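Fold and geometry: a report
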Amino acid sequence: MDARVTRFEPRLSPPDEGGLFPSPFDELGPAALARQAAEVLQRELRAGFVAPGLPTSLLEDAEGGKMFGVLVVRLSDGSVGFLRAFSGMLAGRWDVEGFVPPVFDRERRARIEPEGEATVKALHARALAMRSSTELLALRAEQEEQSARHASELSAMRERHEVRRKARHARRSELTQAGGETGPSALHALDQESRGDKAERRRMETVHQEERQRIEPRLARMERRLRAMDRLRQMVSRAVMRLIHDTYVIHSARGEPRLLRHLFEQGQPPSGAADCAAPKLLASAYAQGLRPLALAEFWWGAPPPAGGRVSGAYYASCRDKCAPLLPFMLEGLAVAPPRTFSPPVVAPGELSILFEDAWLVVIDKPDGLLSVPGREASLSDSVLTRLRARYPQATGPLLVHRLDLDTSGLLVAALDSRTHSALQHQFVHREVRKRYVAWVEGQVQGEEGRIDFPMRVDLDDRPRQIHDPIHGKPAVTEWRVLERRDGRTRVAFFPLTGRTHQLRVHASHPLGLGAPIVGDRLYGRDGERLMLHAESLTLQHPGTGAMVTFQCAVPF
């Protein structure tokens, strides 16, 4: 038995040899057998032990969190054990005692990587030196100053010419009306003046063109050299990465080998492909002749800068790196289809109407009911569907805004297009005052505050949203503590923007409260329900013009 296999006695009987391997892309969490193995590793991490020689505080740093994985295996003697792995490197190491090794061929990579990295770094340094060269910076500054001066001179000349053109126009009108012998000669003088203005413009354009020719060719040559250097660096970098990728030979459960590049479109694996915990675990099991039974991956430690990960929570294998890779590695095993999240069945029936008149309707949406229908036929039931059945005479889109599937509370619908447009204008321009109430995990620091950081969808893990200071859209929430009890905090949220999952991300992210909402299956831990409720809305009634407030009691 390999020293990396940890034997354990499952509380549940492991599946028979003919049982199905649970899909690593299962959205409902790992199998019970894999959870038991993960709990063993989590107990060690909770106690501060990672591996011999590694500091216990390793995963507590601001960016020290890590995805870990366990693979339950059947050994040759029929007993059950598990392998453990981490994604990427741990404490700057590929090899850590007790964890499975990386997938790549060490000797081949050792011959390629140092020299390749040195070459790429040297080219990068040369490009950086070219960008910051005194000559290039001086030429760019001179061109910028020259462009500004030319624009100013042309603008001043246009203004002079426009004044003179208007004066000529007025003089022509006077001469035409007056007639007389002096008219033709005076009109000719005005024409000559107009030609003089055009000639002056041509002379200025010629002077400007000559001045530009003293700078532009030299600058263009340097810019071309810089672009050529960038292309060379990119080409060398891709060539080095291709050689590194070819140190990864991936095997299926049948033993069939394949280069990593051949498993990705256009032969371009993303950075870190095959370095996640799942492929490392399967590769190690195959190398040792062990039969995989169940897999689990979980995050441990501080969340990543973008958010979206909570210590101790389980996550399906990633889509960008593992989706093209793991299906091949699992060929030869009987794999169960991935279970996907589906909304709970909400009893059919009437909506809970809190207010209605000739213009609008206010609904108390239960948790678990979609605001609008999903794409699949099984997701047709929604607030919108029920509204259309209840108000067949209504025109326009009806729903003015939406709530997440898991969120309960106030939803506003308009019964005609004009009312819908008026209400949407209020929501878009932040004229609607909204109050949400939630229970969050842990003791929130402080009594009130403002959370302000940009968000966007995680393109590799939809529908999760992440913090992105570059490409994200503004998201602002004010909050106030209402109650503290039993290790949790009851919080009132006042969103000033309406980003998808805004309150859930602002609650869970360290830049926000650092405390996920109770029952949040995406940003925290799953529970009986998401403890988030839209309690109050204040807006201007489109029909009467009066400010109205709607309230809905919190059900938890």
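I will try to describe carefully the structure that is included in this document.

Rules used in this analysis
Along each chain, the written sequence defines residue order, and numbers are assigned to residues from 1. For a predicted model such as this one, the threshold for reporting local features is a pLDDT of at least 70, and the threshold for listing and counting side-chain atom pairs is 80 or more; totals across whole chains, interfaces and linings nevertheless cover every residue. As a rule here, side-chain values cover all heavy atoms of the structure and leave hydrogens and water aside. Two strands pair if DSSP finds at least two bridges between them. Strands are runs of DSSP state E lasting at least 2 residues, helices are runs of H or I lasting at least 4, and numbering of each runs from the N terminus. Whether two residues are in contact is decided by their heavy atoms: any pair within 4.5 Å suffices. Here, axes are lines fitted to C-alpha atoms. For helices the fit covers the stretch in contact, and angles between N-to-C directions go from 0 to 180 degrees. Any angle that is under 35 degrees is reported as roughly parallel, and any over 145 degrees as roughly antiparallel; angles of 65 to 115 degrees are reported as roughly perpendicular and all others as oblique. Left-handed describes a crossing whose near helix is turned anticlockwise from the far helix by less than a right angle; the clockwise case is right-handed. In the scheme used here, Gly and all other residues not listed as nonpolar or charged are polar, with Ala, Val, Leu, Ile, Met, Phe, Trp, Tyr, Cys and Pro taken as nonpolar and Asp, Glu, Lys and Arg as charged. Only one rule defines a salt bridge in this text: a Lys or Arg side-chain nitrogen within 4 Å of an Asp or Glu carboxyl oxygen. Only protein chains enter the accessibility calculation, which uses a 1.4 Å probe; a residue is then buried when its area is under 20% of its type maximum, exposed when over 50%, and partly exposed in between. Nine residue types can take part in a nonpolar core, namely buried Ala, Val, Leu, Ile, Met, Phe, Trp, Tyr and Cys, and a core is a set of them joined through side-chain atoms within 4.5 Å. Buried and open spaces are told apart on a 1 Å grid over the protein atoms alone, a cavity being a set of points where a 1.4 Å probe fits but cannot get out and a pocket being an open set with protein on both sides within 12 Å along at least five of seven lines. Residues with an atom within 4 Å of a point are the lining residues. Grid points are joined across faces, edges and corners, and a volume is the space filled by probe spheres set on the points. For patch building, the residue pool is restricted to those with more than 30% relative accessible area and no salt bridge; the joining distance is 9 Å between like charges and 5 Å between nonpolar side chains (Val, Leu, Ile, Met, Phe, Trp, Tyr). Using a 1.4 Å probe, accessible areas were evaluated by the Shrake-Rupley method; residue-level cover was limited to the displayed protein chains. For the charge count, each Lys or Arg is scored as positive and each Asp or Glu as negative, with His and the chain ends excluded. Every charge is mapped to an atom, namely NZ of Lys, CZ of Arg, CG of Asp or CD of Glu. Helix span, expected: 1.5 Å multiplied by one less than the number of residues in the helix. Bend at a given residue is defined as the angle between two axes, one fitted to the seven residues that end at that position and one fitted to the seven that begin there. Here a polar contact is recorded for every N or O atom pair within 3.5 Å, except that within protein the pair must consist of a potential hydrogen donor and a potential acceptor, and residues adjacent in sequence are included only if both atoms are side-chain atoms.

Attention now goes to the sheet that holds strand S2 (residues 66-74). The four strands lie next to each other as S1-S3-S2-S6, forming an open sheet whose pairing is antiparallel. Only two strands of the sheet have a single partner each, and these edge strands are strand S1 (6-7) and strand S6 (291-300). In the sheet, S2 pairs with strand S3 (residues 80-86) via seven bridges, with the strands oriented antiparallel. Looking at the pairing, phenylalanine 68 lines up with phenylalanine 86 of S3. On top of the sheet, helix H1 (residues 32-46) reaches S2, S3 and S6; it is set at about 40 degrees to S6, its chief contact. Helix H6 (residues 277-288) contacts S2, S3 and S6 of the sheet and is inclined by roughly 135 degrees relative to S3.

Here the residue pair arginine 462 and proline 463 is connected by a cis peptide bond, since its omega of 5 degrees sits within 30 degrees of zero. Relative to the helices and strands, proline 463 is located in the loop between strand S12 (455-457) and strand S13 (465-467). Despite not being glycine, glutamine 266 has its phi angle at roughly 60 degrees, a positive value. Structurally, glutamine 266 is set in the loop between strand S5 (257-259) and H6.

Turning next to the packing of helix H3 (residues 134-178) against helix H5 (residues 216-245). Where H3 contacts H5, the axes come no closer than 10 Å and their chain directions differ by 130 degrees. Taken together, the axis directions place H3 and H5 in an arrangement best described as oblique. For H3 against H5, the interelement crossing comes out left-handed. Judged by residue contacts, Glu135, Leu136, Leu139, Arg140 and Gln143 of H3 engage Glu216, Arg218, Leu219, Met222, Glu223 and Leu226 from H5. Class assignment of the residues belonging to the contact of H3 with H5 gives a composition of five nonpolar, one polar and five charged.

It is worth spelling out the pattern of salt bridges at this point. One pass over the full model with this rule turns up 41 salt bridges. For glutamate 145, the salt bridge is made with arginine 149, and the minimal N-O distance between the two is 3.6 Å. Residue glutamate 145 and its partner arginine 149 are both found in helix H3; the two are separated by four residues, about one turn of the helix. For arginine 149, a relative accessible area of 28% translates into the label partly exposed. Between arginine 504 and aspartate 406 there is a salt bridge, and its shortest N-O distance comes to 3.6 Å. One end of the pair, arginine 504, is in helix H11 (residues 502-508); the other, aspartate 406, is in the loop between helix H9 (383-390) and strand S9 (408-414), with 98 residues separating them in the sequence.

Let us look at the environment of leucine 187. With respect to the helices and strands, the residue leucine 187 is situated in helix H4 (residues 182-213). Assessed through its relative accessible area of 29%, leucine 187 is described here as partly exposed. The residues contacting leucine 187, other than those within four sequence positions of it, are Arg172 and Leu175.

Here the focus is the nonpolar core. Counting 42 residues, the largest nonpolar core has Leu387 and Phe493 as its most contacted members. Every element with two or more residues in this core is listed here: strand S8 (360-365), H9, S9, strand S10 (433-441), strand S14 (476-485), strand S15 (488-495), H11 and strand S16 (532-540). Per-element tally for this core: the top contributor is S10, with four residues. Those residues within four positions of phenylalanine 493 in sequence are excluded, and the remaining contacts are Lys434, Arg435, Tyr436, Ala438, Thr477, Glu478, Trp479, Leu503, Ala507 and Leu513. With 39 residues, the next largest nonpolar core counts Ile250, Leu260, Ala278 and Leu333 among its residues.

Here the focus is empty space enclosed by the protein. Evaluated as defined, the whole model comprises three cavities of 30 Å³ or more. The computed volume of the second largest cavity comes to approximately 40 Å³. In terms of lining residues, the second largest cavity is bounded by Val310, Glu441, Pro516, Ile517, Gly524 and Arg525. Looking at the lining of the second largest cavity residue by residue, the classes come out as three nonpolar, one polar and two charged.

Right, let's get into the pairing of S3. The buried fraction of S3 amounts to seven of the seven residues, a majority that puts the element mostly inside the structure. On S3, burial covers both faces: Val80, Phe82, Arg84 and Phe86 on one face and Gly81, Leu83 and Ala85 on the other are all buried. Here S1 pairs with S3 via two bridges, running antiparallel. The residue bridging arginine 7 from the neighbouring strand is glycine 81, located in S3. Counted along the chain from S2 to the antiparallel partner S3, the turn is five residues long, and its residue glycine 78 has a positive phi close to 90 degrees.

Its location among the elements puts glutamine 42 in helix H1. For glutamine 42, the residues in contact, after removing those within four places along its chain, are Phe298, Trp300, Gly312 and Tyr314.

Their axes nearest at 9 Å, the elements helix H2 (residues 106-131) and H5 cross at an angle of 165 degrees. As the angle between them shows, H2 and H5 are arranged roughly antiparallel. Where H2 crosses over H5, the two elements pack in a sense that is left-handed. On H5, the residues touching Arg109, Ile112, Glu113, Gly116, Thr119, Val120, Leu123, His124, Arg126, Ala127, Met130 and Arg131 of H2 are Met222, Arg225, Leu226, Met229, Asp230, Leu232, Arg233, Val236, Ser237, Val240, Leu243 and Ile244. Residue composition of the contact of H2 with H5, by class: 13 nonpolar, four polar and seven charged.

Together, Arg218, Arg221, Arg224, Arg227 and Arg231 give the surface a local cluster of positive charge. Following the sequence through the fold, arginine 224 ends up in helix H5.

Structurally, aspartate 275 is set in the loop between S5 and H6. Once you skip the residues sitting within four places of it in the chain, aspartate 275 turns out to touch Phe86, Ser87, Gly88, Trp94, Phe104, Tyr248 and Lys280.

Over its 26 residues, H2 extends 36 Å from the first C-alpha to the last, a length consistent with the 38 Å expected when each residue adds 1.5 Å. Glutamate 113 marks the point of greatest bend in H2, at about 25 degrees, and the proline proline 114 comes within the next four residues. Buried residues in H2 make contact with H3 and H5. Two to three positions downstream of the cap, the backbone nitrogen of glutamate 107 sits 3.1 Å from a side-chain oxygen, assigning the N-cap of H2 to aspartate 105.

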